[in-house]
Amino acid sequence: MKRIIDGKALVYCQGAFNTPNGKTAHGLVRFTERYEILGVLDSNYAGQDAGHVLDGRPNGIPIFRDLQEAIANLDVTPEYLVVGLAPDGGRLPVEAKGSIKLALEQGMNVDSGLHDFLTNDSELVALAKEKNVTIRDIRKTPDRDKLHFFTGDIEKVDCLKLAILGTDSALGKRTTAWILVHALREAGKKAEMIGTGQTAWMQGAKYSMVMDSCINDFVSGEIEYAVVSAWKNEHPDVIVIEGQGSLMNPAYPGGFEILAAGRPDYVILQHAPKRLEYDGFPGYRLHSLEEQINAIQVISGREVIAITVNHEGMEKNEIPEVCKRITLETKLPAFDVLEYGAKELVDLVRGKLQ
């Protein structure tokens, strides 16, 4: 039985579900151990099943027009409203505040992973105090005395370490990482996920840090600390590190610290073949797979062992041919784990354990 860390939740995603700006909601709809998801709020898809809208596979999570409709139709009271938006810059839409206020008035806790901190809003803080509920800003930087500086202890970690990097942001790196972790566990291997963003924390990643809100001097140390803690405490066969952004995305050049501080043994590279430009930045050409693979290998000396495919913009019958074409281009196996599962990728990883 899946553990639930915090409680029952509704996910606010007005106007963003099934778009790149809804990726936090997407992660929670697909998997979370932190909450039991009772529904998603987005009037664009009201009345539909969230799993069917997102992946073509119903999962029993309804989409409601708004918070009032959700409360009126649910048999149980939600304990949390989770802000499932992930817009560029992490800013809270003005219209979202009304739903957050209503949630607090209804006695619900509120969790947000945006850069606009709700705990800086005196009206919301006063309302939460009045109703005896909490507001958590997941991206709020921890106090410096709680942060860790890089020590070199990563060199003691003797299990297999994999990094799921990507050729762009909002690409599915975290989803692929979770799918691989779960598939490895089902195959009898002990696997641990290292979350590097707010959504992984919201999904219940036991070992995680929020990379894009961490003070720069401590990013490497926090990555190392999460990996070393997972290794010491869990004794896993495999540690899978979630990537952030991409090496050459103009706004989100993530990945350097993961390669340097996480020191993965191998890299799996997530890619959306239909994308021509970096997400949200027209005119910025997406570097080719060859260029990106070369950059990873030059920077880290680590081998890219597989390409995992994001099938956005494709018909289902296109996927196998696209994977074959990537393999011909890169000489690397290519898998769509979201559509077909991770068995073949697990077989590849298990070969690296021998």
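These numbers come from a predicted model, not from an experiment. Throughout this document, residue positions are counted from 1 along each chain, in the order its sequence is written. Residues qualify for local features only when their pLDDT is at least 70, as the model is predicted, and side-chain atom pairs are given and counted only at 80 or more; totals for whole chains, interfaces and linings, by contrast, use all residues. Computation of side-chain values: all heavy atoms of the structure, hydrogens and water removed.

Section: the UniProt feature "domain: D-glutamate N-acetyltransferase-like C-terminal" (unreviewed entry) in the protein chain
Basically, it comes down to this: UniProt positions are given in the numbering used here, feature names are shortened, and annotations may be inferred rather than shown by experiment. Numbered from the N terminus, helices here are DSSP runs of H or I no shorter than four residues, and strands are runs of E no shorter than two.
UniProt marks residues 149-346 with the feature "domain: D-glutamate N-acetyltransferase-like C-terminal" (unreviewed entry), using the numbering shown here. Structurally, residues 149-346 comprises 39% helix and 17% strand, and the distance from its first C-alpha atom to its last is 33 Å.

Quick word on empty space enclosed by the protein
Let me state the cut-off plainly: Computed over the protein atoms alone on a 1 Å grid, cavities are sets of points where a 1.4 Å probe fits but cannot get out and pockets are open sets with protein on both sides within 12 Å along at least five of seven lines; a residue lines them when it has an atom within 4 Å of a point. Grid points are joined across faces, edges and corners, and a volume is the space filled by probe spheres set on the points.
All told, the structure shown has 1 cavity of 30 Å³ or more when counted by the stated rule. The space that makes up the largest cavity amounts to roughly 40 Å³. Along the walls of the largest cavity sit Leu165, Gly166, Lys173, Gly243, Gln244, Gly245, Ser246, Leu247, Gly254, Gly255 and Ile296, which together make up its complete lining.

Comments concerning the sheet that holds strand β5 (residues 109-112)
Here is the rule: We treat two strands as partners when DSSP finds at least two bridges between them. Throughout, a contact is declared for two residues whenever any of their heavy atoms are within 4.5 Å. Lines fitted to C-alpha atoms define the axes, with helix axes restricted to the stretch in contact, and inter-axis angles between N-to-C directions lie between 0 and 180 degrees.
Pairing is parallel in the open sheet, where 6 strands are placed in the order β3-β2-β1-β4-β5-β6. Among the strands making up the open sheet, the edge pair consists of β3 (63-64) and β6 (135-137). The pairing of β5 with β6 spans 3 bridges and is classified as parallel. Looking at the pairing, Val110 lines up with Ile135 of β6. Lying over the sheet, helix α1 (residues 23-30) contacts β1 (7-12), β2 (35-41) and β4 (80-83), oriented at roughly 130° with respect to β2.

Some points on the sheet that holds strand β12 (residues 303-309)
Taken in spatial order, the 7 strands line up as β9-β8-β10-β7-β11-β12-β13 in an open sheet, and their pairing is parallel. Since the sheet does not close on itself, it has two edges, and those belong to β9 (207-208) and β13 (334-335), each with one partner. Examined bridge by bridge, strand β7 (residues 160-166) and strand β10 (residues 238-242) share 5 bridges and lie parallel to one another. Paired with Leu160 across the strands is Val238, a residue of β10. Most of the contacts of helix α6 (residues 173-186) go to strand β8 (residues 191-195), to which it runs at about 165°, and overall it touches β7, β8, β10, β11 (266-271) and β12. Sheet strands in contact with helix α13 (residues 343-353) are β7, β10, β11, β12 and β13, and its direction is about 165° off that of β12.

A short note on the pairing of β7
Note the cut-off: The buried label goes to any residue with under 20% of its type's maximum accessible area, the exposed label to any with over 50%, and the partly exposed label to all in between, with areas taken from a 1.4 Å probe on protein chains only.
Counting buried residues along β7, 7 of its 7 residues qualify, which places the element largely inside the surrounding structure. A two-sided burial pattern is seen for β7, the buried positions comprising Leu160, Leu162, Ile164 and Gly166 on one face and Lys161, Ala163 and Leu165 on the other. Relative to β11, β7 is paired through 5 bridges, and the arrangement is parallel. Directly across from Ala163, in β11, lies its bridge partner Val267.

Some details on the UniProt feature "domain: D-glutamate N-acetyltransferase-like N-terminal" (unreviewed entry) in the protein chain
Here, UniProt's "domain: D-glutamate N-acetyltransferase-like N-terminal" (unreviewed entry) annotation points to residues 45-140. Each end of residues 45-140 is marked by a C-alpha atom, and these two atoms are 31 Å apart; helix forms 34% of the span and strand 14%.

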